Amino acid sequence: MEFFLTFLKSIGIFVNVPENSSPILKLFIIILVLGIISLFYIFNIIVYLLIIYYSNNEKILSIVSKHKYLLKIFNFYRNTQIFYLILEFALLIGNVGLMTWFSYCFVTGVAFL
């Protein structure tokens, strides 16, 4: 549980959870962390697909080449292999699956940990 709270603090979300808090609160914190990680995966996949789509557009390339940081980001995603995209998608599916499983366990009363 301490790992999840540390992760939330590192991204700027401060949550005060006492050690003797209810298991429901702990479950919701885990689901919150998994949701944030899922959003990160979705963002990476969308950026990757957009850069692949716009990598042949000369107008976009000329705009990106004027900005040093945009060019680094553009080249990073353009040089990324398709295996990375498949791995990212698999992690996203696993993450959403865990959130679904935890929610199912909460609704049905099945012990999940």
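Look above for the structure.
1. Considering the overall build of the protein
- Tallying secondary structure elements over the protein gives five helices and zero strands in all.
- Along the protein, from the amino end to the carboxyl end, the secondary structure elements read α-α-α-α-α.
- Rg of the C-alpha trace for the protein: 19 Å, well past the compact-globule value of 13 Å for 113 residues, more than 25% over.
- C-alpha extents for the protein along the principal axes are approximately 60 × 25 × 15 Å.
- Sequence separation of at least 24 residues holds for 68% of the intrachain contacts in the protein that already meet a minimum separation of 6.
- In the form shown here, the protein has an accessible surface area of approximately 8,200 Å², with 72% of it arising from carbon and sulfur atoms.
- Here the protein holds 7 positive side-chain charges and 4 negative ones, and the gap between their average locations is 14 Å.

2. Notes on the nonpolar core
- Counting residues in hydrophobic clusters, the biggest one holds ten residues: Tyr-41, Ile-45, Val-47, Tyr-48, Ile-51, Val-64, Phe-74, Tyr-77, Leu-85 and Leu-92.
- Elements represented by at least two residues in this core include exactly α2 (23-54), α4 (68-79) and α5 (82-108).
- For this core, the element with the most residues is α2, which contributes five residues.
- Sequence-distant contacts of Ile-45, that is, excluding residues within four places in its chain, are made with Leu-85, Glu-88, Phe-89 and Leu-92.
- Formed by six residues, the second largest nonpolar core is a distinct cluster that contains Leu-27, Ile-30, Met-99 and Phe-102.

3. A short note on the packing of α2 against α5
- Running from N to C, α2 and α5 cross one another at 155°; their axes reach a closest spacing of 9 Å. Classed by the angle they form, the pair α2 and α5 counts as roughly antiparallel. Here α2 runs over α5; the crossing is left-handed.
- Looking at side-chain class alone, the contact of α2 with α5 contains 24 nonpolar, five polar and one charged residues.

What counts and what doesn't
- Residues numbered from 1 in each chain as written.
- Predicted model: local features only at pLDDT ≥ 70, side-chain atom pairs only at ≥ 80, totals over all residues.
- Heavy atoms only, no water.
- Helix = DSSP H or I, 4+ residues; strand = E, 2+ residues; numbered from the N terminus.
- Rg over C-alpha atoms; globule rule 2.2 N^0.38 Å.
- Contact = heavy atoms within 4.5 Å.
- Areas by Shrake-Rupley, 256 points an atom, 1.4 Å probe, with all protein chains shown as cover.
- Lys, Arg positive; Asp, Glu negative; His and termini not counted.
- Charge placed at Lys NZ, Arg CZ, Asp CG, Glu CD.
- Core = buried A, V, L, I, M, F, W, Y, C linked by side-chain atoms within 4.5 Å.
- Buried < 20%, exposed > 50% of the residue type's maximum accessible area, 1.4 Å probe, protein only.
- Axes fitted to C-alpha atoms, helices over the stretch in contact; angles between N-to-C directions.
- Parallel < 35°, antiparallel > 145°, perpendicular 65-115°, else oblique.
- Left-handed = near helix turned anticlockwise from the far one by under 90°.
- Nonpolar A, V, L, I, M, F, W, Y, C, P; charged D, E, K, R; others polar.

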